[in-house]
Amino acid sequence: MEPNVQAEQKAFNDAIRGWGARSFRELQREIFRLRIGVSGDASASMKWASYMKYGSVDKLSYKFERYMVFVHKGVGKGWPISRVRANAGAWSAAASGKRRVPKPWFNNVIEKQLQELADTAAKHKAEIAARRLMIK
């Protein structure tokens, strides 16, 4: 049986893009769950893309508004990171007078899905490498 490297490469690209789309939807769900942004602009402005090099997806990119990084860290005007760290134990729904609360929306979602990405990449790349090593 003739190894079909191109079919394996397409399957890999499709699997990685599928992971990117699923992660993107999970990120949007987390944004809505944490009620980040005014009238949905945080989620609406978010985009993702995949980039190819030598016929293989080698990078996924998530783009979002700059303020989303500040929301993730809980920092802003008058709230430097040192102030957030100093009051880390005081953050709760019942904390009175606290207007800035870190809302970690990105790292948690990606960390949960990272093992799936690693397994997918290892499986497909190992198959492609094995097929290329065979004598034709």
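Structural data are supplied above this passage.
Quick look at the structure, then. Because the structure is predicted, anything quoted here is derived from the model rather than measured.

### Points about the overall build of the protein chain
The secondary structure content of the protein chain amounts to five helices and two strands. Moving toward the C terminus, one meets the helices and strands of the protein chain in the order α-α-β-β-α-α-α. Within the protein chain, the fraction of its 136 residues that count as buried is 28%. Restricting the contact set of the protein chain to residue pairs at least 6 apart, pairs at least 24 apart contribute 67%. By element, 55% of the accessible surface of the protein chain is carried by carbon and sulfur atoms, the whole surface being about 9,400 Å².

### Overview of the pairing of strand 1 (residues 47-53)
One face of the sheet, then the other: side chains in a regular strand alternate in exactly this way. Where strand 1 and strand 2 (residues 56-63) come together, seven bridges link them in antiparallel fashion. Among the inter-strand pairings, Trp-48 is bridged to a residue of strand 2, identified as Tyr-62. Turn length for the strand 1-strand 2 hairpin, with the two strands adjacent in sequence and antiparallel, is two residues, and the turn residue Tyr-54 shows positive phi of about 55 degrees.

### Considerations on helix 1 (residues 5-33)
At 3.6 residues per turn, the α-helix brings residues three or four places apart onto the same side. With 29 residues, helix 1 extends 42 Å between its outermost C-alpha atoms, agreeing within 8% with the 42 Å of an ideal straight helix rising 1.5 Å per residue. Count one or two residues on from helix 1 and you reach Arg-35, which has phi positive near 55 degrees.

### Looking at the environment of Ala-121
Summarising the element assignment, Ala-121 is placed in helix 5 (residues 107-133). Spatially, the C-alpha atom of Ala-121 lies 7.6 Å from that of Ile-16, the residues being 105 residues apart in sequence.

### Some words on the environment of Arg-66
Mapped onto the secondary structure, Arg-66 falls in the loop between strand 2 and helix 3 (67-73). In this structure Arg-66 comes out as exposed when scored by relative accessible area, which is 65%.

### Some remarks on the environment of Tyr-62
Take Tyr-62: it is sitting in strand 2. The exposure class of Tyr-62 is buried, given its relative accessible area of 16%. Considered as a pair, Tyr-62 and Ser-23 are 39 residues apart in the sequence and their alpha carbons are 9.8 Å apart. The contact partners of Tyr-62, leaving out residues within four places of it in the chain, are Trp-19, Gly-20, Ser-23, Phe-24, Leu-27, Lys-47, Trp-48, Phe-106 and Ile-110.

Procedures and definitions
- Residues numbered from 1 in each chain as written.
- Predicted model: local features only at pLDDT ≥ 70, side-chain atom pairs only at ≥ 80, totals over all residues.
- Heavy atoms only, no water.
- Helix = DSSP H or I, 4+ residues; strand = E, 2+ residues; numbered from the N terminus.
- Buried < 20%, exposed > 50% of the residue type's maximum accessible area, 1.4 Å probe, protein only.
- Contact = heavy atoms within 4.5 Å.
- Areas by Shrake-Rupley, 256 points an atom, 1.4 Å probe, with all protein chains shown as cover.
- Pairing = 2+ DSSP bridges.
- Expected span 1.5 Å × (residues − 1).

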